[in-house]
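Structural overview for review
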Amino acid sequence: MLTRSGLYVVELKHWQGVIEGSGTHWTRQLPNGRTFPEDNPYILANRKAKRLASLIKHYAPRNAQVPYVGAIVFLHARHEDRGRAPAGPRFRCSPRRTAG
């Protein structure tokens, strides 16, 4: 996605239910209660953004101004059951643990 502030690699995830996670791993709990472990999708999106930034810098003319390249993860889902409110993804993040 190209904006005035830069170029962003967007990782789209159509995930339903509750999503909990930390810096490296996420867990998806579907509305039916099943859980799935997932790698944090931001890590891959950020890796792609860094590679894209590297390619842009490599092929840009010398001393050219190159855009900022960043990463975004967009969670999108909508699940509706009759008699229930819409339930899109909800995210809970665990605090980072530091060695101490």
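The structure contained in this document is the topic of the report that follows.

So, how was this worked out
Residues numbered from 1 in each chain as written. Predicted model: local features only at pLDDT ≥ 70, side-chain atom pairs only at ≥ 80, totals over all residues. Heavy atoms only, no water. Phe/Tyr/Trp six-rings, centres within 6.5 Å; stacked < 30°, edge-to-face > 60°. Helix = DSSP H or I, 4+ residues; strand = E, 2+ residues; numbered from the N terminus. Buried < 20%, exposed > 50% of the residue type's maximum accessible area, 1.4 Å probe, protein only.

Turning to the packing of aromatic side chains, a few remarks are in order. Aromatic ring pairs are described here by two measures, namely the spacing of the ring centres and the angle between the planes. Counted according to the given criterion, the structure contains two aromatic pairs. Between the aromatic rings of Tyr8 and Tyr68, the centroid separation amounts to 5.9 Å while the plane-to-plane angle is 65°, which identifies the pairing as edge-to-face. Placement of Tyr8 in strand S2 (residues 6-13) and of Tyr68 in the loop between helix H1 (41-59) and strand S6 (69-75) is noted, with a sequence separation of 60 residues between them. Residue Tyr8 is classed as buried on the basis of its relative accessible area of 18%. On the numbers, 6.0 Å between centres and 75° between planes, the contact of Trp15 with Trp26 is edge-to-face. Linking Trp15 in the loop between S2 and strand S3 (18-21) with Trp26 in strand S4 (residues 25-29), this pair joins segments that are 11 residues apart in sequence. The pair Trp15 / Trp26 is uniform in exposure class, with both members buried.

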